[in-house]
Amino acid sequence: MGIASIFKWLVKKEKWSDRSREPRFYALETCDGCRLCYDECPTGHIKWINDRPEWEKPCLMCASCANICPSGAITYGVPPEVKKTKGEA
Ligand code: SF4
Ligand code: SF4
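Residues numbered from 1 in each chain as written. Chains lettered and ligands numbered in written order. Predicted model: local features only at pLDDT ≥ 70, side-chain atom pairs only at ≥ 80, totals over all residues.

A.B. asks: Tell me what's going on with the overall build of the protein, and back it up with residues and numbers.
C.D. replies: Counting its secondary structure elements, the protein contains four helices and four strands. Tracing the protein from N to C terminus, the helices and strands come up as α-β-α-β-β-α-β-α. Buried positions account for 12% of the 89 residues belonging to the protein. Relative to all contacts within the protein whose residues are 6 or more apart in sequence, the contacts with residues 24 or more apart total 62%. (Helix = DSSP H or I, 4+ residues; strand = E, 2+ residues; numbered from the N terminus. Buried ≥ 20, exposed ≤ 12 C-beta atoms within 10 Å, placed from the backbone. Contact = placed C-beta atoms within 7 Å.)

Here you go:
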C-alpha cells in the first residue's frame, strides 16, 4: 500500500468514524423547554444542556420522547447545525 493509499484510507476512516454525522433525535426551534421528553425517557439517554434536550446514542428508539412532546418539536435525522459545520447544508 503506497503513501497516497494510506492517506486516503485514513481520511475515509475519519469520515466514517465521525459519530456527529449519525442521525439522531433533536429538538426544533419550537421546543419550549418543558422537560417532558427528558422526564419520559426510560433509559436516561436525553441530557439537559443549556435548557434544551440533547440526545445520545444508542437509544431504544421507543419514540416515547417524541410522542409526549406537546410542541411536536422532536424530529429525527442529522441536525442542520451539524450539516452546516460539515459543509453539507
Ligand atoms: S426514543 Fe425512547 S429511549 Fe430514545 S431518547 Fe426517546 S424516550 Fe429515550
Ligand atoms: S418535550 Fe418537546 S417542548 Fe418539551 S423539552 Fe422536550 S423537545 Fe422541548
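A.B. asks: Outline the site of ligand 1, supporting the account with residue identities and numerical values.
C.D. replies: Close to ligand 1 lie 14 residues; Cys41, Cys59, Leu60, Cys62 and Cys65 are nearest. Of the residues contributing to the shell around ligand 1, the split by class is 10 nonpolar, three polar and one charged. (Near = placed C-beta within 6 Å. Nonpolar A, V, L, I, M, F, W, Y, C, P; charged D, E, K, R; others polar.)

A.B. asks: Outline the nonpolar core, supporting the account with residue identities and numerical values.
C.D. replies: In globular proteins that are soluble, nonpolar side chains generally tend to be buried together. Of all hydrophobic cores here, the largest spans nine residues; its members are Phe25, Tyr26, Ala27, Cys37, Cys41, Ile46, Cys65, Cys69 and Ile74. The leading source of residues in this core is strand S1 (residues 24–27), at three residues. (Core = buried A, V, L, I, M, F, W, Y, C linked by C-beta atoms within 7 Å.)

A.B. asks: Describe the environment of Pro23, naming the residues involved and giving the relevant values.
C.D. replies: Relative to the helices and strands, Pro23 is located in the loop between helix H1 (3–17) and S1. Considered as a pair, Pro23 and Tyr76 are 53 residues apart in the sequence and their alpha carbons are 6.6 Å apart. Those residues in contact with Pro23 that sit more than four places away from it in its chain are Tyr76, Gly77 and Val78.

A.B. asks: Can you explain the environment of Glu29? Please cite residues and give values.
C.D. replies: Assignment of secondary structure puts Glu29 in the loop between S1 and helix H2 (36–40). Sequence separation between Glu29 and Ser71 is 42 residues, and the spatial gap between their C-alpha atoms is 9.9 Å.

A.B. asks: Can you break down the confidence of the model for the protein residue by residue, with the values?
C.D. replies: For the protein, per-residue confidence averages 83 on the pLDDT scale, and 73% of positions sit at 70 or higher. For the protein, per-element mean pLDDT is lowest for H1, which scores 55, and highest for H2, which scores 98. (pLDDT = per-residue confidence, 0-100.)

A.B. asks: Talk me through unusual backbone geometry; I want residue IDs and the actual numbers.
C.D. replies: A positive phi is found at Asn50, a non-glycine position, where the angle reads about 50°. Locating Asn50 in the fold gives a position in the loop between strand S2 (46–49) and strand S3 (52–55). Of note, the phi angle at Met61 is positive, near 60°, even though the residue is not glycine. Structurally, the position occupied by Met61 is in the loop between S3 and helix H3 (64–68). A residue is classified by how many C-beta atoms lie within 10 Å of it, and Met61, with 11 of them, is exposed.

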